[in-house]
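Chain and residue survey
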Amino acid sequence: MIHSLFLINCSGDIFLEKHWKSVVSQSVCDYFFEAQEKAADVENVPPVISTPHHYLISIYRDKLFFVSVIQTEVPPLFVIEFLHRVADTFQDYFGECSEAAIKDNVVIVYELLEEMLDNGFPLATESNILKELIKPPTILRSVVNSITGSSNVGDTLPTGQLSNIPWRRAGVKYTNNEAYFDVVEEIDAIIDKSGSTVFAEIQGVIDACIKLSGMPDLSLSFMNPRLLDDVSFHPCIRFKRWESERVLSFIPPDGNFRLISYRVSSQNLVAIPVYVKHSISFKENSSCGRFDITIGPKQNMGKTIEAITVTVHMPKVVLNMNLTPTQGSYTFDPVTKVLTWDVGKITPQKLPSLKGLVNLQSGAPKPEENPSLNIQFKIQQLAISGLKVNRLDMYGEKYKPFKGVKYVTKAGKFQVRT
Amino acid sequence: MSSNSFAYNEQSGGGEATELGQEATSTISPSGAFGLFSSDMKKNEDLKQMLESNKDSAKLDAMKRIVGMIAKGKNASELFPAVVKNVASKNIEIKKLVYVYLVRYAEEQQDLALLSISTFQRALKDPNQLIRASALRVLSSIRVPIIVPIMMLAIKEASADLSPYVRKNAAHAIQKLYSLDPEQKEMLIEIIEKLLKDKSTLVAGSVVMAFEEVCPDRIDLIHKNYRKLCNLLVDVEEWGQVVIIHMLTRYARTQFVSPWKEGDGLEDNEKDFYDSDEEQKEKADKRKRPYTMDPDHRLLIRNTKPLLQSRNAAVVMAVAQLYWHIAPKSEAGIISKSLVRLLRSNREVQYIVLQNIATMSIQRKGMFEPYLKSFYVRSTDPTMIKILKLEILTNLANEANISTLLREFQTYVKSQDKQFAAATIQTIGRCATSITEVSDTCLNGLVCLLSNRDEIVVAESVVVIKKLLQMQPIQHGEIIKHMAKLLDSITVPVARASILWLIGENCERVPKIAPDVLRKTAKSFTSEDDLVKLQILNLGAKLYLTNSKQTKLLTQYILNLGKYDQNYDIRDRTRFIRQLIVPNEKSGALSKYAKKIFLAQKPAPLLESPFKDRDHFQLGTLSHTLNTKATGYLELSNWPEVAPDPSVRNVEVIELAKEWTPAGKAKKENPDEKFYSESEEEEDSSESSSDSESASGSESGEDEEEDHSGDSGEDSGESGSESEAGKGRAAKHAKARGKGDSKDVDKEKENSKSSESSSGESSSIEESSSDSESESESESESESRTITKAKEKKTKQDRNPLTKDVSLLDLDDFNPVSSPVVLPTPALSPSLIADLEGLNLSATSSVISVSTPVFVPGKTHVLLHRMSGKGLAAHYFFPRQPCIFGDKMVSVQITLNNTTDQKIENIHVGGKKLPMGMQMHVFNPIESLEPAGSITVSVGIDFCDSTQTASFQLCTKDDCFSVNIQPPVGELLLPVAMSEKDFKKEQGLQLKLCTVGH
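Residues numbered from 1 in each chain as written. Chains lettered and ligands numbered in written order. Predicted model: local features only at pLDDT ≥ 70, side-chain atom pairs only at ≥ 80, totals over all residues. Heavy atoms only, no water.

Counting its regular elements, chain A contains seven helices and 23 strands. For chain A, the C-alpha atoms occupy an extent of roughly 70 × 55 × 45 Å along the three principal directions. Evaluated residue by residue, chain A yields a buried proportion of 59% over its 418 residues. Partitioning the contacts of chain A with sequence separation of at least 6, the portion at a separation of at least 24 is 68%. Just so you have it, chain A exposes about 16200 Å², and 50% of that area is on carbon and sulfur atoms. Averaged over its 43 positive side-chain charges, chain A has a centre that lies 9 Å from the centre of its 45 negative ones. (Helix = DSSP H or I, 4+ residues; strand = E, 2+ residues; numbered from the N terminus. Buried < 20%, exposed > 50% of the residue type's maximum accessible area, 1.4 Å probe, protein only. Contact = heavy atoms within 4.5 Å. Areas by Shrake-Rupley, 256 points an atom, 1.4 Å probe, with all protein chains shown as cover. Lys, Arg positive; Asp, Glu negative; His and termini not counted. Charge placed at Lys NZ, Arg CZ, Asp CG, Glu CD.)

See below:
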């Protein structure tokens with residue numbers, strides 16, 4: 001399936017290559033570079049490229065291109081999903097998926113790639129198994145290794161690979177047994193000029209951090225499971241149990257993982273926690289315009305809205321901006337034309353606003369359309385959909401774990417058209 | 001050193017340059033004579049030295065640097081001899097890195113690579129399954145044709161290995177061998193056939209992958225395994241699921257008749273778009289004769305449904321395409337929700353999913369209409385995503401939603417992303433043609449855009465308006481006039497050409513403007529684009545024919561210009577037009593018809609979706625994405641008119657059961673389809689708790705067949721025995737709990753109080769999870785009593801994961817094949833023995849006389865590996881002698897070896913953890929064992945006629961090691977000699993007992 005993998009950085013250097021079958025020359029990447037040039041923007045490089053002898057399927061992650069070489073028919077999503085899994089694994093191992101991190105740990109990267117694919121077919125992709133096979137680098141371990149000459153290749157054998165629960169390693173032992181769940185919901189919305197909602201839905205995930213000894217069998221139930229319209233599960237979840245009782249029953253992997261992700265359908269009314277008043281205008285035949293936005297809370301369920309940031313991609317003709325924020329600070333990058341306003345918290349007594357003048361390139365026609373505003377915010381202790389975890393029970397082990405659930409609501413792709 | 005090499009370089013460089021060049025090109029490794037590589041050379045020299053040192057750390061360092069070189073794509077092949085020596089290194093990391101190196105360079109250095117083969121061959125016989133597996137993996141990855149026979153042999157052996165993990169690797173190796181030597185196809189197919197029968201979820205995905213690669217056309221191999229694959233699917237790892245689903249889609253299309261109502265395809269086009277699928281189905285049902293779906297077809301559709309909930313986008317897509325291609329149209333609707341969910345994912349996933357939705361939405365609009373808003377474009381989307389979304393929006397447009405959509409499009413047209421704005425204009429054009437109600441609105445909107453500031457937008461509008469006007473032969477004189485004016489400002493060639501064509505076509509409607517336009521363009525002819533020049537020629541010709549008075553001279557001027565143009569197309573066209581329109585003596589009959597030719601009614605262009613023709617590719621494939629047939633693409637066949645014989649999928653249980661149960665026992669088993677799944681379930685529950693539930697859940701369908709399958713599952717001896725054992729364990733568990741001290745009970749109470757769920761449920765879960773291994777269960781018991789003790793045990797267990805593996809393996813691992821039995825097949829299945837437990841074998845039958853074994857295998861099993869035993873190694877074997885400690889006991893001989901260089905003192909058996917009823921007679925403590933010394937002791941174990949593991953601790957003065965003995969079934973039997981008659985009599989008796997037991 002997957003023949004080879006090339007890692008390419010933003011400046012077009014191939015800094016790592018790995019072949020699972022016969023070696024494919026680096027020159028195959030020239031087709032990729034060609035497509036990249038044509039696309040102008042990294043975001044627009046087509047993920048699937050056909051070359052005379054091979055097919056290139058690539059992903060773009062953290063300023064790196066993962067380009068895989070394929071020779072025969074394969075579902076493209078299979079490869080894309082796998083490449084993302086590789087990037088996730090790097091992230092997991094090195095804390096970041098960057099060129100520097102990969103170059104520093106090239107041996108571990110190679111060992112990982114060797115274990116993850118056999119003859120181009122995925123072999124072990126569960127992080128729990130991989131970590132048993134190849135221990136992630138830590139400063140302490142690298143010091144110890146250099147003194148004792150021991151290695152970071154696990155000498156225990158990955159029993160998980162053989163069992164029916166490949167996601168959990170055996171013999172987990174903690175002194176403090178803890179299970180934390182983060183319910184994170186993101187609001188995706190498009191708000192039109194007049195402030196009415198064109199489209200809104202809630203995308204939620206439950207991320208878990210489980211540090212429990214032995215083989216705990218957990219079941220998590222909700223007060224209002226009917227809210228969850230469309231759910232995707234981690235493989236550990238027993239599907240039938242969910243179907244019949246709406247209870248999440250599972251033997252968890254060890255450590256951090258995403259338990260479920262769900263969507264609360266757009267049919268339900270989605271509460272929009274902020275509103276924006278805006279007036280952006282460019283004057284005809286004069287090289288300036290006015291810019292004025294104000295943000296206020298709305299349907300915030302009595303919680304404070306924090307960490308608000310407004311990002312605006314200004315039109316190309318904008319040269320500079322002279323603004324005064326009543327709160328927070330703003331930056332304008334004259335090269336990328338991106339205005340970022342870091343607002344912070346909203347206090348209802350005094351609504352934050354950003355006002356001022358826009359300098360345009362003289363002589364150029366005024367922009368056709370006003371830019372849209374991308375808004376980020378965060379509300380602690382609230383799941384905007386109203387989802388509530390009822391209880392968590394543990395079976396199979398005798399100790400009493402410490403349990404915790406946290407709710408956060410964030411803005412996802414939240415866009416206000418002006 | 002460096003100065004030396006420099007001097008050498010200079011010298012040789014000054015010498016024969018030609019020879020040098022040859023050398024540099026002929027050898028793969030950089031030749032030392034080449035100045036550029038001299039530093040590399042030196043570096044490699046010290047790498048060699050490091051590799052030859054006897055310190056592991058130096059070797060490891062060197063290997064790490066070499067891997068770094070490989071990763072960067074630098075050539076490290078000349079180190080091959082130095083690296084390959086380390087293939088047998090004791091250090092696991094060095095070994096792994098050497099493997100990496102070998103796989104990369106073996107192809108280039110075939111002769112040297114052969115040196116490593118023997119190491120792998122040895123490792124293939126290793127008692128540890130993971131070592132066997134990795135040896136097979138590397139061996140099969142070395143692409144050296146000479147070792148094909150060795151690989152073949154290794155694969156054959158591995159495919160019969162007891163460990164499913166090794167068998168999985170064998171399946172992978174099949175593909176590798178096939179690509180190395182396609183000649184081996186026939187033999188490989190045999191192995192694939194064998195592996196397809198495998199019941200392990202580990203193997204299923206890999207073997208189907210091998211099947212797809214080697215012999216995708218041998219659909220006949222799938223028949224017998226079809227139901228099993230369907231039932232296993234949920235438990236297979238995600239990557240395997242994708243492959244299996246794609247294969248089964250193809251299979252279903254060849255084996256079942258179409259569930260789609262006849263004429264459905266037609267209906268789709270004819271009927272209104274917004275009819276929901278439900279209605280469609282109802283309508284169809286009234287008219288058509290009833291269709292009954294093959295239960296196997298239904299099985300596949302039902303069993304793939306849960307996978308729509310997978311976190312893996314590839315799995316979701318695979319199920320979606322399966323539903324699209326083989327499910328009844330009324331049921332395919334459920335996939336849209338899951339596909340829309342994937343749109344939250346990465347840009348690459350979005351791209352592929354949107355492409356597939358685009359294809360689907362052309363044929364079945366209703367499916368995605370409820371999700372219309374999910375395809376609204378955000379300004380932050382990458383352009384390629386925006387354009388795909390737009391495509392889908394266009395496909396979904398209908399009378400009901402067009403006004404909302406047009407409002408949305410208005411925003412898009414103003415987008416800063418001009419490519420996207422242009423695409424939106426195209427889209428508006430398409431909507432205008434497909435929905436007649438709004439065509440005027442669209443046209444007006446487009447005309448407004450003509451005054452847009454951006455040239456690309458205007459140009460695109462012009463092109464689209466041209467197409468629209470062509471379709472509606474109504475008077476649009478005003479628009480044409482407006483466009484003629486635009487000609488002064490627009491520079492985009494396509495737009496200019498479109499305007500010129502439009503004026504030419506309508507030259508009689510705008511009689512005043514047309515000649516003026518011609519005049520203007522004649523002036524600028526030489527500087528125009530080729531495309532525009534051609535249209536100027538056309539315009540000239542048309543005007544010449546309709547209005548020759550005004551334009552004759554102008555046209556001739558243009559024709560003269562065209563005659564000497566640099567582009568031969570234009571010169572050709574000029575010559576052609578001149579002959580056709582300008583009357584001269586030579587011109588033939590054609591010129592009479594010139595007007596008809598030029599001003600004929602032209603068919604309007606059809607504005608079509610670029611995804612229209614993609615539906616002949618299977619969705620979700622590479623070919624679909626590229627819209628060309630990719631190498632290795634397998635066509636999806638059309639539904640057969642008449643379904644092929646469905647009975648080919650019936651699994652003949654009897655034949656298969658023979659492997660497991662003694663011949664005499666296979667009786668009333670009906671060839672039930674659920675046989676596999678049931679036995680699999682048994683395996684699951686015995687292996688681990690997690691999947692038993694989901695598996696059993698997936699089985700508990702509404703079907704009646706379930707009932708039969710329950711029977712057959714029990715009947716087959718193998719699983720029967722297991723359930724027996726399970727019961728035993730559960731009983732023990734309950735008992736042990738009862739015994740548990742009061743504290744324990746209190747805790748339990750607290751738990752049940754705090755948990756809302758019923759206590760019955762909780763206990764059942766606990767049981768199922770603890771049932772998995774008797775060992776872990778008893779451990780958790782003891783853990784609650786004394787923490788310190790438990791800890792101690794835990795560490796011991798950690799140190800000895802190997803022995804634990806054994807119990808994790810599939811049941812078939814301890815089927816009698818495991819020991820080289822030459823004896824006649826045992827007459828009793830373990831379940832029978834369990835049934836007969838009350839009866840003393842030797843007492844009941846006088847006819848049975850114990851005989852001495854004909855053959856005693858010399859095979860020893862590892863009890864304690866020297867690595868995990870801190871130098872103490874222990875092996876055991878079954879001498880097949882009557883046990884001296886008791887007649888119910890099986891005698892086991894244990895050989896202890898001291899591989900350390902110190903004395904090991906006081907070797908004895910520590911704590912025993914035996915399942916209910918089991919007994920063990922231990923050996924007397926051994927005071928000391930000299931270095932390199934070995935001693936054989938014998939113990940007796942009463943296994944209670946079951947294959948349960950006897951766990952105990954082997955202790956030395958300082959350490960304790962947990963070890964297990966698990967007897968193969970064959971070792972539990974007493975060798976007896978009896979006449980055929982007596983045998984039959986016994987058999988009858990036992991059968992009777994058996995039926996009573998059930």
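Alright, that's what it looks like, and here's the rest.
What follows covers the state of the cysteines. The tally for this structure, following the rule as stated, stands at zero disulfides over all chains. Here Cys 97 of chain A is not cross-linked by a disulfide; its sulfur's nearest cysteine counterpart is in Cys 10 of chain A, at 12 Å. (Disulfide = S-S within 2.5 Å.)

For the rest of this paragraph, the subject is the sheet that holds strand β7 (residues 926–929) of chain B. Residue and element names in this part refer to chain B. Reading across the sheet, the four strands line up as β7-β5-β9-β10 and stay open at both edges, with antiparallel pairing between neighbours. Each edge of the sheet is formed by a strand with only one pairing partner; in this case those strands are β7 and β10 (960–965). The average undirected angle you get between the axes of adjacent strands in this sheet is 35°. Sheet topology places strand β5 (residues 904–913) next to β7; three bridges connect them, and they run antiparallel. Pairing of Ile 904 across the sheet is with Leu 929, part of β7. (Pairing = 2+ DSSP bridges. Axes fitted to C-alpha atoms, helices over the stretch in contact; angles between N-to-C directions.)

All names here are of chain B. Between helix α30 (residues 530–546) and helix α31 (residues 548–563), the least distance of the axes is 8 Å, while the angle of their chain directions is 150°. Viewed along their axes, α30 and α31 adopt a mutual orientation that is roughly antiparallel. Seen along the crossing, α30 lies across α31 with a hand that is left-handed. For the pair α30 and α31, contact is made by Ile 536, Leu 537, Gly 540, Ala 541, Leu 543, Tyr 544 and Thr 546 and by Ser 548, Thr 551, Lys 552, Thr 555, Ile 558 and Leu 559, respectively. Classifying every residue of the contact of α30 with α31 by side-chain character gives seven nonpolar, five polar and one charged. (Parallel < 35°, antiparallel > 145°, perpendicular 65-115°, else oblique. Left-handed = near helix turned anticlockwise from the far one by under 90°. Nonpolar A, V, L, I, M, F, W, Y, C, P; charged D, E, K, R; others polar.)

Time to look at the interface of chain A and chain B. Facing the 114 residues of chain A at the interface are 123 residues of chain B. One can count ten salt bridges joining chain A with chain B. For Arg 417 of chain A, the salt bridge goes to Glu 408 of chain B, with nearest N and O atoms at 2.8 Å. Across the contact surface, chain A and chain B share 37 residue pairs in polar contact (both at pLDDT 80 or more). Looking at the side of chain A that touches chain B element by element, the count peaks at eight residues for helix α2 (residues 76–94) of chain A. Looking at side-chain class alone, the side of chain A that touches chain B contains 50 nonpolar, 29 polar and 35 charged residues. (Salt bridge = Lys/Arg side-chain N within 4 Å of Asp/Glu carboxyl O. Polar contact = N/O pair within 3.5 Å; in protein donor to acceptor, adjacent residues only side chain to side chain.)

A few words on the sheet that holds strand β12 (residues 247–250) of chain A. Residue and element names in this part refer to chain A. In space, the three strands of this open sheet follow the order β12-β10-β22, with antiparallel pairing throughout. Strands with a single pairing partner mark the edges of an open sheet, and in this sheet they are β12 and β22 (389–395). Averaged over all neighbouring strand pairs, the angle between strand axes comes to 15°, with direction disregarded. Where strand β10 (residues 217–222) and β22 come together, six bridges link them in antiparallel fashion. Each residue of the ladder has a partner; that of Asp 217, found in β22, is Tyr 395.

Across all of its chains, the model carries twelve cavities of 30 Å³ or more by this definition. The space that makes up the second largest cavity amounts to roughly 120 Å³. The wall of the second largest cavity is formed by Asp 188, Phe 199, Glu 201, Gln 203 and Lys 413 of chain A together with Val 340, Leu 343, Arg 344, Gln 350, Ser 374, Arg 378 and Lys 389 of chain B. Tallying contributions element by element places strand β9 (residues 197–211) of chain A first for the lining of the second largest cavity, with three residues. Residue classes in the lining of the second largest cavity are distributed as three nonpolar, three polar and six charged. (1 Å grid on protein atoms, 1.4 Å probe; cavity = no way out; pocket = protein on both sides within 12 Å on 5 of 7 lines; lining within 4 Å. Points joined across faces, edges and corners; volume = space filled by probe spheres on them.)

In the structure shown here, the tally under the stated rule is 23 aromatic pairs over all chains. Of the aromatic side chains, those joined through ring pairs into one cluster are Phe 32, Phe 33, Tyr 60 and Phe 65 of chain A. When the ring centre of Tyr 407 of chain A is taken as origin, the NZ or CZ atom of Lys 388 of chain A, which lies over that ring, is 5.8 Å away. Over the face of the ring belonging to Trp 260 of chain B we find Lys 329 of chain B, whose NZ or CZ atom lies 4.8 Å from the ring centre. (Phe/Tyr/Trp six-rings, centres within 6.5 Å; stacked < 30°, edge-to-face > 60°. Lys NZ or Arg CZ within 6 Å of the ring centre and 35° of its normal.)

Every α-helix winds through 3.6 residues per turn, so residues three or four apart in the chain are directed the same way. All names here are of chain B. With 14 residues, helix α7 (residues 110–123) extends 20 Å from end C-alpha to end C-alpha; this agrees with the ideal 20 Å at 1.5 Å per step. At Ser 116, α7 is deflected by roughly 30°, the largest bend along its length. Taken as a whole, α7 has its buried residues at Ala 113, Ser 116, Ile 117, Thr 119, Phe 120 and Ala 123. (Expected span 1.5 Å × (residues − 1). Bend = angle between axes of the 7 residues up to and from the residue.)

What follows deals with the pairing of strand β20 (residues 353–360) of chain A. All names here are of chain A. Looking at chain direction, strand β15 (residues 288–297) and β20 are connected through seven bridges and run antiparallel. Bridge pairing links Arg 290 to Leu 357 in β20. Note: strand β17 (residues 318–325) against β20, seven bridges, orientation antiparallel. Its bridge partner being in β20, Met 321 is matched across the sheet by Val 358.

With that out of the way, let us pick up helix α8 (residues 129–141) of chain B. Compared with an ideal rise of 1.5 Å per residue, which puts 13 residues at 18 Å, α8 of chain B spans 18 Å between its outermost C-alpha atoms and is within 8% of the ideal. All of the buried residues along α8 of chain B are Gln 129, Leu 130, Arg 132, Ala 133, Ala 135, Leu 136, Arg 137, Val 138, Leu 139, Ser 140 and Ser 141 of chain B.

We now examine the environment of Ser 336 of chain B. Residues and elements named next belong to chain B. Tracing the sequence through the fold places Ser 336 in helix α20 (residues 334–342). According to the relative accessible area criterion, Ser 336 is buried, its value standing at 2%. If near-sequence neighbours (up to four positions away) are discounted, Ser 336 is found in contact with Met 367, Phe 368 and Tyr 371.

Let us look at the nonpolar core. Buried together is how nonpolar side chains tend to be arranged in soluble globular proteins. Within the largest apolar cluster, 257 residues are counted, with the highest numbers of intra-cluster contacts made by Phe 66 and Phe 90 of chain A together with Ile 66, Tyr 101 and Phe 375 of chain B. Of the residues forming this core, the biggest block, twelve residues, is contributed by helix α19 (residues 313–326) of chain B. The residues contacting Ile 66 of chain B, other than those within four sequence positions of it, are Leu 47, Leu 51, Ala 76, Leu 79, Val 83 and Tyr 101 of chain B. Counting 76 residues, the second largest nonpolar core, distinct from the first, contains Ala 179, Ile 202, Leu 212 and Val 274 of chain A. (Core = buried A, V, L, I, M, F, W, Y, C linked by side-chain atoms within 4.5 Å.)

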